[in-house]
Amino acid sequence: MEITRRRLLKMGLTAGAGLALPLGTLAVPLARLGAASSVTSPNVEPFAVPLPVPSVLKPTHTDANSYHYEVTQKPAEQEILPGMKTEIWGYDGVFPGPTIEARRDRTVVVRHTNELPVPVVVHLHGGKTPPEHDGYPTDFVLPKGGGSSTHSMQGHGGHEPMGMVGGAEADRNARVYEYPNGQPAATLWYHDHRMDFTGPQVYKGLAGLYLIRDEVEDSLPLPRGDKEVPLVICDRTFGEDGSLYYPSADPSLMGEPGTLANAINGFFGDTILVNGAPWPVVEVSNTMHRLRVLNASNARFYELTLDPPPPGGKPFVQIGSDGGLLEAPVLHDSVLVSPAERFDMVVDFSRYPVGAEVTVRNLEGEGRTRDVMRFVVARKEKEEGAVPARLAPDPDFSDPKGSEATRRFQFVAGGSWGGMSTVNFRVFDPERVDASPRLGSTEVWEFHTDQDHPIHLHLVHFRVISRNGGPPGPHDAGWKDTVAMRAGEDVRVAVRFSGYRGRYVFHCHNLEHEDMMMMANFEVV
Amino acid sequence: MLGTSKKVPRKAEGTARHAAALAFASELLLLWALPGEFATRPLTGSFVFLAAVGQGLLAASLLFGPGRWTIRFGLLLNATIVLAWAATRVAGFPALLGFARLSAQPVGLIATVVGIVLLALLLRIGDGPKAERKKRRVR
C-alpha cells in the first residue's frame, strides 16, 4: 500500500479523533474511580479519645402541652480526629446533633432554620407524625438565597419539589415541625431526608437523637442518669486534612445526585465513630448501664458483641427496640444492628472485675472496622438499677389473622454498572402511590431482598411475624420501624396503620440505595 | 478505516465536510459528558465512550471521500445515539433492571440534535450514488 500524504493525514486523524481523544478522556473517570477507592483515613489510636455524650437541647419555652425548640442547621468545624478540624453540617452546628427529650403526649415544636447551602428536609425517624411534619423527601426547607429557583432541586427523573408554596424567603428558609409524641417511650432519631441527597447530608452530620419518655419507663428501676448512655454509631472516611470524604457524583450536592459507581450500593467508611468520636473509650462503674444504640451509618451493618464476654456469656440484655420497651427482656450474645435500627440494652459491668477493659467489637467488620469502642470498668459503686422480668405493659401487637390485605415488595438494588435501585422493579415517583391501607387497619407486608437492605416504614410500627418461612429472628423482638434483611431473605411483618391519614414513604435505609430511588409511597386513607 | 471504496460523488463533498464537522462536534460533546457519566454509571458511560469513538472515526472518514460503508455506519451510529437518548428520557432503559428516566441535560440534548442533523446529511450524501446509479440505468 502506497503511503501518501493524504493517507497519512487520514490515518493520523482517525487515530487521533477516533482513539486517542476518547481514550484520553476515559482516563479521567477511571482515575477518579481509582482515587475514590484508595482514600484512607489518617491513623487514629483506638480507645484514646473520651466518649462524648450529645448535649440535651433546651426548649426556648414551654407551655401546658408543648415544648418549643429552635434549631439552626449550619456548617461548623469540629475536632473529630485528634488535632484536626473537620467541617461538618450539623443541627446547631454539632455532630451528632443535640438530643431532644420529649414526654409522651406532649407536643414538641421545633423550628428549623436552614443556613446550609443546600435544601434540607427533617424526618423524625420512628415518630408517629402527621404527614405535613413527617419530612416527606420533597418538603424542602430552602437554603438562604436559594428560595426562588427549583431548578437545582430536580433530581432523578426531574421531580418537582413539593411542599414549597409561596411565602416570604424567610419562611422558606425555616420550617416548623410539630411532633405530637402520642406513642410510648422509645429511642427515636431525627435526620435529613432530602430527596436524592439524604446519604451525603446525613454523612456530613445531619442526625441527632430524640428520646420519648413516659410514666411506664419512669416506673421501672432501669439504670438512669449517667448510667444511661446513648451510643450513636456510624462510619466515616476522612481525607488527609481531616475533611469528611464522601464520593458524591457532584460534591456541591446541588447538581447530579448519586455517588461514584464504586459506592452505589452503599458507602462504607473506614473509621468508626461513636457519638462523633473515633473508637472512643469511657470509664464506667461496676454497675448496670443502659446503652441506647443507634446505627446512624449510611450502609454498614454491625454485629455488636463484648470482648471479653462476661463470665456466663450473654452480655446484652435487650430491653427495647425501635418502637419502645419490650414486654420482657431478651438476652443476646451479640446484636445485629442495621442502619437506622435502635437497640435499647443493659450491660451489667459488675460481671467484670474492676480494671477490666471491655471492647465493643463489630463481628461484621474487618481490620479497623472490627473495633467500635471500649468500656473501662474503673470503680466500684453500689448497684441502683435493675432489669425487671416484665418491662412494658401488653404491647397490643396487631394480629396478622385480622389483616385486611397482604402486599409483597421486592427490593432490588441497581448494579454498580449504574442501574437504579427499585421497589417491585419501580423507581421512586413522588406522584405514584404504591399502597393505600385504611386508617386503623392491619396489613401483612412481605419483603424480599436481593442484597442487604434495612427496610423502614414511616409513620407506622410493625411486628416481624416470620423470617424466611420460620419464626422471627433473635433481633426482631418488639415493635419495629426498620427491619434488617440480609441478601435473599423473606420477611413478613404485621403493620398497623394508625395515627394519621396521608402520604408517607417506605424505603431501604441504606442511604445510597434510598438516594438511588429504592423508595415508594403508601397513602393511609 | 471505513469506506475505502465506492466513493461519494464530488458534488457531495461539501456536504460530507459539513457532516464531518458535525460528527467531530458530536464527539466533543460526548467526551464532555463522558467523565461524569462513566464515573457514576459505567454502563451508560461505556455507551457514551463507544459513541464518541464512533463519531471520531466517522468524522475522520467523512473528510476523505467517504464510501458507502462510512455512510451506513454513520446512519446506524447516529440513529442509535438518537434512539438511545430518546428511550432513556421517555421510557427508561432497561426498565426491568431499574433504570429511571434520565434527566434531559443540555449537553445530551445538543448531541442528540446534532445526531439528527447528521442523519439528515448522511442520508443526503447517501442519496448521491443511488441517484447516479438510477440515471445510468435510465440511459
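Attention now goes to the environment of A:Met195. Along the chain, A:Met195 falls in the loop between strand E8 (186-192) and helix H3 (198-203). The sequence separation of A:Met195 and A:Glu514 amounts to 319 residues, and the corresponding C-alpha distance is 8.7 Å.

In this section: the pattern of salt bridges. Residues and elements named next belong to chain A. As enumerated under the stated definition, the model contains 36 salt bridges over all chains in all. Residue Arg361 pairs with Asp307 through a salt bridge whose shortest N-O separation is 2.7 Å. Placement of Arg361 in strand E21 (residues 357-362) and of Asp307 in strand E16 (residues 302-307) is noted, with a sequence separation of 54 residues between them. On the accessibility criterion, Asp307 (30% relative accessible area) is partly exposed. Shared partners join several salt bridges into a network, and the residues in it are Glu101, Arg213, Glu217, Glu228, Arg290, Arg292 and Asp344.

Here we take up the packing of helix H1 (residues 13-40) of chain B against helix H2 (residues 42-63) of chain B. All names here are of chain B. Running from amino to carboxyl end, H1 crosses H2 at an angle of 160°, the nearest separation of the two axes being 8 Å. Compared by their axis directions, H1 and H2 come out roughly antiparallel. Both H1 and H2 take part in a crossing whose hand is left-handed. Classifying every residue of the contact of H1 with H2 gives 18 nonpolar, seven polar and three charged.

A few words now on the pairing of E8(A). Along a regular strand, successive side chains alternate from one face of the sheet to the other. Residues and elements named next belong to chain A. With seven of seven residues buried, E8 is to be regarded as a mostly interior element. As paired elements, strand E6 (residues 122-125) and E8 share four bridges and run antiparallel to each other. Considered in E8, the bridge of His125 is made with Trp189. Here six bridges tie E8 to strand E9 (residues 207-213), and the two strands are oriented antiparallel to one another. Paired with Tyr190 across the two strands is Gly208, which belongs to E9.

Once that is clear, we can look at the packing of H2(B) against helix H3 (residues 68-90) of chain B. All names here are of chain B. Between H2 and H3, the shortest axis-to-axis distance is 10 Å and the interhelical angle comes to 150°. Between H2 and H3 lies a crossing of left-handed hand. Contact with H2, carried on its side by Phe47, Ala51, Gly54, Gln55, Leu58, Ser61 and Leu62, involves Thr70, Ile71, Phe73, Gly74, Leu77, Asn78, Thr80, Ile81 and Ala84 of H3 and no other residues of that element. In terms of residue class, the contact of H2 with H3 is made up of nine nonpolar, seven polar and no charged.

All right, on to the confidence of the model for chain B then. Keep in mind that low pLDDT regions are not for reading the predicted coordinates in detail. All names here are of chain B. Overall, the prediction assigns chain B a mean pLDDT of 83, with 76% of residues at 70 or greater. Across chain B, element-level confidence peaks in H2 with a mean pLDDT of 93 and bottoms out in helix H4 (residues 106-138) with 81. With a pTM of 0.90, the predicted complex shows an ipTM of 0.82.

Attention shifts here to the nonpolar core. Formed by 73 residues in total, the largest nonpolar core has its most connected members in A:Leu231, A:Ile233, A:Val293, A:Leu304, A:Val372, A:Met373 and A:Phe375. Looking at this core, the element that brings in the most residues is strand E10 (residues 228-238) of chain A, giving six residues.

Reading the values: rules and limits
- Residues numbered from 1 in each chain as written.
- Chains lettered and ligands numbered in written order.
- Predicted model: local features only at pLDDT ≥ 70, side-chain atom pairs only at ≥ 80, totals over all residues.
- Heavy atoms only, no water.
- Helix = DSSP H or I, 4+ residues; strand = E, 2+ residues; numbered from the N terminus.
- Salt bridge = Lys/Arg side-chain N within 4 Å of Asp/Glu carboxyl O.
- Buried < 20%, exposed > 50% of the residue type's maximum accessible area, 1.4 Å probe, protein only.
- Axes fitted to C-alpha atoms, helices over the stretch in contact; angles between N-to-C directions.
- Parallel < 35°, antiparallel > 145°, perpendicular 65-115°, else oblique.
- Left-handed = near helix turned anticlockwise from the far one by under 90°.
- Nonpolar A, V, L, I, M, F, W, Y, C, P; charged D, E, K, R; others polar.
- Pairing = 2+ DSSP bridges.
- Contact = heavy atoms within 4.5 Å.
- pLDDT = per-residue confidence, 0-100.
- Core = buried A, V, L, I, M, F, W, Y, C linked by side-chain atoms within 4.5 Å.

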